[in-house]
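Listed here are the chains, written in short residue letters.
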Amino acid sequence: MRGAPGSSADRAGASAPAYFRWGLEAPLPPPPEPSTRPAPPARGPLPVVDRVPTRDKVVFLTYDDGAEKDPRFVDLVRELRLPVTMFLTDSVAGPGYGHFARLRAVGAGLQNHTLDHAALRGLPYAGQRAEICGQQRKLHSRFGVRPHLFRPPYGTYDTTTLRAAADCGIRAVVLWRATMTTDLSFTTGTRGLRPGDVIAVPATETLSPTLKERTVRLLRRIQEQGLTVGKLDDYL
């Protein structure tokens, strides 16, 4: 039973390894030096990926929209040194950009998910470019970053999306092979995580389980399959 504040039990909990305090049975191995490096920009359609072709035993954690601003998630990312990637929508994340500044300060990557979360497929070029380039400008103005990765809302896009994204400075469109809500589900291929998989952790309409809780569940699954978390920027 947990002791009173200031007791020896409290002090022992505070001094426990970070992975143990977050409910993991073992530490996450640090990601290896990437064996796959980003290719230089080339003419032609942007690559669209749901997994990275690599033999490195890594998967990639990505978070959409910015609707959930769980302060404990910031602590989790900092203490476990998780190289997460946030795909931000201005109309959703904008009122709480301070939260994402804190995440960036502890190592999170910030990438583009449009200004207003509009479904892009079928929209004219001017409208798609406005959504993508507009968020490029917002993130550069607020954080000084120039995103090079883009996730289209709802995962839908067309050739116009790829052209507009490239014209806005994007180098790759990132979808996902696995999704973590209350449990892990897969969009393509066999069930089970594979090296190079991109995992999406979408915002939910309920407050439970929290973003922190879903991430811890996901980390347990990653560890069970002998994988660790890599930094998406190092591979794309």
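One can find the structure itself at the top, above this paragraph.
Now for a description of the structure that goes with this document. (Residues numbered from 1 in each chain as written. Predicted model: local features only at pLDDT ≥ 70, side-chain atom pairs only at ≥ 80, totals over all residues. Heavy atoms only, no water.)

1. Focus on helix α5 (residues 97–105)
And step 1. Buried within α5 are the following residues: Tyr 97, His 99, Phe 100 and Leu 103. Down the axis of α5, the buried set is contained in an arc of 150°. They therefore lie on one face.
And step 2. Buried positions along α5 lie against α3 (71–80), β3 (85–88), α4 (90–93), β4 (109–112) and α6 (125–143).
And step 3. Just past α5, the residue Gly 107 takes up positive phi, approximately 110°. (Buried < 20%, exposed > 50% of the residue type's maximum accessible area, 1.4 Å probe, protein only. Helix = DSSP H or I, 4+ residues; strand = E, 2+ residues; numbered from the N terminus. Arc of directions from axis to C-beta. Contact = heavy atoms within 4.5 Å.)

2. Considering the pattern of salt bridges
And step 1. Summed over the entire model, instances satisfying the criterion amount to 10 salt bridges.
And step 2. Between Arg 78 and Glu 79 there is a salt bridge whose closest N-O contact spans 3.8 Å.
And step 3. Here Arg 78 falls in the partly exposed class, since its relative accessible area comes to 41%.
And step 4. Classification of Glu 79 as partly exposed rests on a relative accessible area of 28%.
And step 5. Here Arg 221 and Asp 183 are joined by a salt bridge, their closest N and O atoms 2.9 Å apart. Highlighted residues: Arg 221 in helix α8 (residues 211–224) and Asp 183 in the loop between β7 (178–180) and β8 (184–186), separated in sequence by 38 residues. (Salt bridge = Lys/Arg side-chain N within 4 Å of Asp/Glu carboxyl O.)

3. Some thoughts on the packing of α5 against α6
And step 1. Running from amino to carboxyl end, α5 crosses α6 at an angle of 70°, the nearest separation of the two axes being 11 Å. It follows that α5 is roughly perpendicular to α6 by the angle criterion. You can see that α5 and α6 cross each other, and the crossing is right-handed. Contacts between α5 and α6 pair Tyr 97, Gly 98, Phe 100, Ala 101 and Arg 104 from the former with Gln 135, Leu 139, Arg 142 and Phe 143 from the latter.
And step 2. Taken together, the residues of the contact of α5 with α6 sort by class into five nonpolar, two polar and two charged. (Axes fitted to C-alpha atoms, helices over the stretch in contact; angles between N-to-C directions. Parallel < 35°, antiparallel > 145°, perpendicular 65-115°, else oblique. Left-handed = near helix turned anticlockwise from the far one by under 90°. Nonpolar A, V, L, I, M, F, W, Y, C, P; charged D, E, K, R; others polar.)

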